[in-house]
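# Coordinates in review
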Amino acid sequence: GNKPEQITDEHFSLERLLPEIVSEVRRFGTAHDTHIPVIAAGGIYTGEDIYRIMELGADGVQMGTRFVASAESPVHAHYKDAIVSAEITGTWMLNTKSTPCIRALKTDFTRTIHDAGLMQPDTFTGIQQVYFGGDMNAAPALAGQSAGLIHAVKPVQQIIDETVAEFHTISARMGAMAAARQFG
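What comes next concerns the included structure. Small disclaimer: the values here were computed from a predicted structure and weren't measured.

Before going further, it helps to examine the packing of helix H3 (residues 47-55) against helix H8 (residues 156-180). Running from N to C, H3 and H8 point in directions that differ by 55 degrees, and their axes come no closer than 7 Å. What the angle tells us is that H3 and H8 run oblique. Crossing handedness for the pair H3 and H8: right-handed. Counted together, Gly47, Glu48, Ile50, Tyr51 and Met54 of H3 and Thr163, Glu166, Phe167, Ile170, Ser171 and Met174 of H8 form the full contact between these two elements.

Here the residue pair threonine 99 and proline 100 is connected by a cis peptide bond, since its omega of 0 degrees sits within 30 degrees of zero. On the secondary structure map, proline 100 appears in the loop between strand E3 (91-94) and strand E4 (102-105). Here the phi dihedral of arginine 181 falls at roughly 55 degrees; this positive angle occurs in a residue that is not glycine. Its place among the elements puts arginine 181 in the segment after H8. Note on arginine 181: relative accessible area 78%, which makes it exposed.

Its location among the elements puts threonine 91 in strand E3. A relative accessible area of 9% means that threonine 91 is categorised as buried.

So, on to the pairing of E3. Where burial is concerned, the two faces of E3 agree: the one with Thr91 and Met93 and the one with Trp92 and Leu94 are both buried. Bridge analysis of E3 against E4 gives four bridges, and the strand direction is antiparallel. Bridge pairing links methionine 93 to arginine 103 in E4.

As a further point, take the packing of aromatic side chains. Working definition: an aromatic ring pair is given by the centre-to-centre distance plus the angle between the planes. For the structure on display, the rule yields three aromatic pairs. Here tyrosine 79 and tyrosine 131 contribute two aromatic rings whose centre-to-centre distance is 5.2 Å and whose plane-to-plane angle is 45 degrees, an arrangement assigned as tilted. Linking tyrosine 79 in helix H5 (residues 77-85) with tyrosine 131 in helix H7 (residues 127-133), this pair joins segments that are 52 residues apart in sequence. Tyrosine 79 sits in the buried class, given a relative accessible area of 1%. Each residue in the set Tyr79, Tyr131 and Phe132 is aromatic and connected to the rest through ring pairs, giving one cluster.

Turning to the pattern of salt bridges, a few remarks are in order. For the coordinates displayed, the defined rule picks out five salt bridges. The shortest N-O distance in the salt bridge between arginine 26 and aspartate 59 comes to 3.0 Å. One end of the pair, arginine 26, is in helix H2 (residues 14-31); the other, aspartate 59, is in the loop between H3 and strand E2 (60-62), and 33 residues separate them in sequence. When its relative accessible area of 25% is taken as the criterion, arginine 26 is described as partly exposed. Where arginine 52 meets aspartate 49, a salt bridge forms, and the shortest distance between an N and an O atom there is 3.0 Å. In this pair, arginine 52 and aspartate 49 are both assigned in helix H3, three residues apart and thus about one turn of the helix distant. What emerges from the salt-bridge pattern is a single network uniting Glu15, Asp49 and Arg52.

Calculation criteria
Residues numbered from 1 in each chain as written. Predicted model: local features only at pLDDT ≥ 70, side-chain atom pairs only at ≥ 80, totals over all residues. Heavy atoms only, no water. Axes fitted to C-alpha atoms, helices over the stretch in contact; angles between N-to-C directions. Helix = DSSP H or I, 4+ residues; strand = E, 2+ residues; numbered from the N terminus. Parallel < 35°, antiparallel > 145°, perpendicular 65-115°, else oblique. Left-handed = near helix turned anticlockwise from the far one by under 90°. Contact = heavy atoms within 4.5 Å. Buried < 20%, exposed > 50% of the residue type's maximum accessible area, 1.4 Å probe, protein only. Pairing = 2+ DSSP bridges. Phe/Tyr/Trp six-rings, centres within 6.5 Å; stacked < 30°, edge-to-face > 60°. Salt bridge = Lys/Arg side-chain N within 4 Å of Asp/Glu carboxyl O.

These results come straight from atomic positions and should not be treated as a statement about function.
Now the structure itself:
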């Protein structure tokens, strides 16, 4: 979103925004006798993340950065390596004085944009060089908050299997606790 508090607070969480969106979408769907799925995106990396987001009412999730850094992703190895080597604070919100705001890996190129708060009209001219040529300073290398959590390039099937298994493990544990009416 582009609400002022989201632009100026780099730690604005999906969890804070999602209940408001779900409520509004559900209200609209009820008024029109339909179900509109809410697909959440942004900083989702693990099965635990998916569980937490779905508990807040989302019907599904989109995991962008995690799959950009997958073995099958067509992006250049330098881009994947930059995601894998990113620190937990390895991204910046860019264009915060205008719209759209974007999140990108910290590079020399993005430092200038971050410091200025504005992107120039030609900011994305070199985007293909980032994705397919591996030049991490040709344009902003878009990446989500989860970039700092990704420590290896893995095959897509492995990412899916591990993430779904973690989601089911947490769901089963929470279901067992609910059935037993106990905590822990």
